[in-house]
Amino acid sequence: MEFKVKAGGILKEKTDAAVIFAFEGDKLNGILAEADKALGGVISEAIKSGEFSGKRDQAVCFNTIGAGGIVPKRIIAAGLGKKDGFKADNLMRAAGSASKLARKLSLKDIAVMSDPVGKLSAAQAADLITQGASLSLYTFDKFKAPDPDKKEIKKITLVVSDKALETQAKEGLASGLALSEAVLFTRDMVNAPANKMTPADVAEQAKKTSKAFGLKLKVLDEKDCAKLGMGSFLGVAQGSEQPAKFIVLEYKGGKKADKPVVIVGKAITFDSGGISLKPTEGMEKMKYDMAGGAAVIGAVRAAAALKLPVNLVCIVPACENLPSGRAAKPGDVLTAMNGKTIEIISTDAEGRLVLADALVYAYKNYDPKAVIDIATLTGACVIALGDLAIGLMSTDDKLAKDVLKAGDAVQ
């Protein structure tokens, strides 16, 4: 899909649809009011009838046939929600809703109004719109037969009304594309079946990332891990025929003397529960237990692509948790890298075991400014908090608040 930025009037843009954003409960004004006048008041009527209200995630298409002065074949009005409490995420979601509607209508190209919105600059708006469109149109069909009838948008033009905003919008587009690529890369890793995303495959994706962005890469095999005393990590891996991989990626965008931020991602490429076997129903979803590892590799890709001024270390302990004659058993005692002994009660509590050695490695080999670990750690978290919140624990309240703030900005 091609993205580009253009300055001019969006209602003069030759495109299948012009996307214009509106706040919930706001009076029609600006370009949307201009479009409504040319369309004989159909947008106003849609608002009165409740067909369109500007609510978050709402998108409605209006045909422009016979409307004088409007070049786009359609107008898509996309809701931003209420102006009070407007968040950046609302614009991203609105762009996504409009893009999905356009694809549903088999449109090939759309133009999106990318002027400043609320307190967002043109650069921020272009960034969020690009991400919203890219991420909303994602599909994972790598292992399906090609669909000749598959609907895809070929081009999205970000339109700003003023030539002075064009440079800002181009900067935002570049940032949005970099972030989108990292997220889509991560999604592809997570969605891949476990036989196509083994620990070795995770290491290969880290290698591709290293080559693409010039990062330092270290991949420890099981012998290397044994020499370092990673009995906790290897205790989980020993039940599988797939060799475990301990992956370390380093991005150095900050000053040489700056302490690194270490991000650790759990990567159980398939979690059967081990000897404490999970129920059959839903077990196919346990390929997702490497999402933490995929996320931190994606985060390093994004940091490198954006040339962020930070030193970042990504640690990914990757293995499978399977039952076999060699697998760890309930009651077994493992010794972690720091000499601590750990008694296993349930082999399905493997996440903390692989993370234990990863965290010890982080503190032993680096003098980190902060360590953040990301994991699909336990279903009990979902039971306690539901699907709309994460479990977060920290020994540093300021760090926890910073992480929550960042998460809230992109929720």
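See the structure above.
Notes on the structure in this doc start here. (Residues numbered from 1 in each chain as written. Predicted model: local features only at pLDDT ≥ 70, side-chain atom pairs only at ≥ 80, totals over all residues. Heavy atoms only, no water.)

**Describing the packing of helix α3 (residues 88–104) against helix α4 (residues 122–136)**
In a packed pair of helices, the relevant descriptors are the angle between the two axes and the axis-to-axis distance.
Then step 1. Running from N to C, α3 and α4 point in directions that differ by 45°, and their axes come no closer than 7 Å. As the angle between them shows, α3 and α4 are arranged oblique. Crossing of α3 against α4: the hand is right-handed. Every residue of α4 that contacts α3 at Ala-88, Leu-91, Met-92, Ala-95, Gly-96, Ser-99, Lys-100 and Arg-103 is listed here: Ala-125, Leu-128, Ile-129, Gln-131, Gly-132, Ala-133 and Ser-136. (Axes fitted to C-alpha atoms, helices over the stretch in contact; angles between N-to-C directions. Helix = DSSP H or I, 4+ residues; strand = E, 2+ residues; numbered from the N terminus. Parallel < 35°, antiparallel > 145°, perpendicular 65-115°, else oblique. Left-handed = near helix turned anticlockwise from the far one by under 90°. Contact = heavy atoms within 4.5 Å.)

**Regarding α4**
Then step 1. Given a rise of 1.5 Å per residue, 15 residues ought to cover 21 Å, and the 21 Å separating the end C-alpha atoms of α4 matches this to within 8%.
Then step 2. With 14 of 15 residues buried, α4 is to be regarded as a mostly interior element. (Expected span 1.5 Å × (residues − 1). Buried < 20%, exposed > 50% of the residue type's maximum accessible area, 1.4 Å probe, protein only.)

**Observations concerning the sheet that holds strand β1 (residues 2–7)**
Then step 1. Strand order in the open sheet made by the six strands is β1-β6-β5-β2-β4-β3, with mixed pairing throughout. Strands at the two margins of the open sheet, each flanked by one partner only, are β1 and β3 (59–63). For this sheet the average axis-to-axis angle between neighbouring strands, irrespective of direction, equals 25°.
Then step 2. Here strand β2 (residues 17–22) runs beside strand β5 (residues 109–113); their pairing, made up of three bridges, is parallel. When the sheet's bridge partners are listed, Ala-17 is paired in β5 with Ile-110. (Pairing = 2+ DSSP bridges.)

**Here's the deal with the pattern of salt bridges**
Then step 1. Scanning the model with the defined rule gives 20 salt bridges in all.
Then step 2. In this structure, Lys-150 and Glu-152 form a salt bridge, with 3.2 Å as the shortest nitrogen-oxygen distance.
Then step 3. Across the salt bridge formed by Asp-271 and Lys-278, the nearest N and O atoms sit 3.6 Å from each other.
Then step 4. Asp-271 sits in the buried class, given a relative accessible area of 2%.
Then step 5. Connected via shared salt-bridge partners are Asp-141, Lys-150 and Glu-152. (Salt bridge = Lys/Arg side-chain N within 4 Å of Asp/Glu carboxyl O.)

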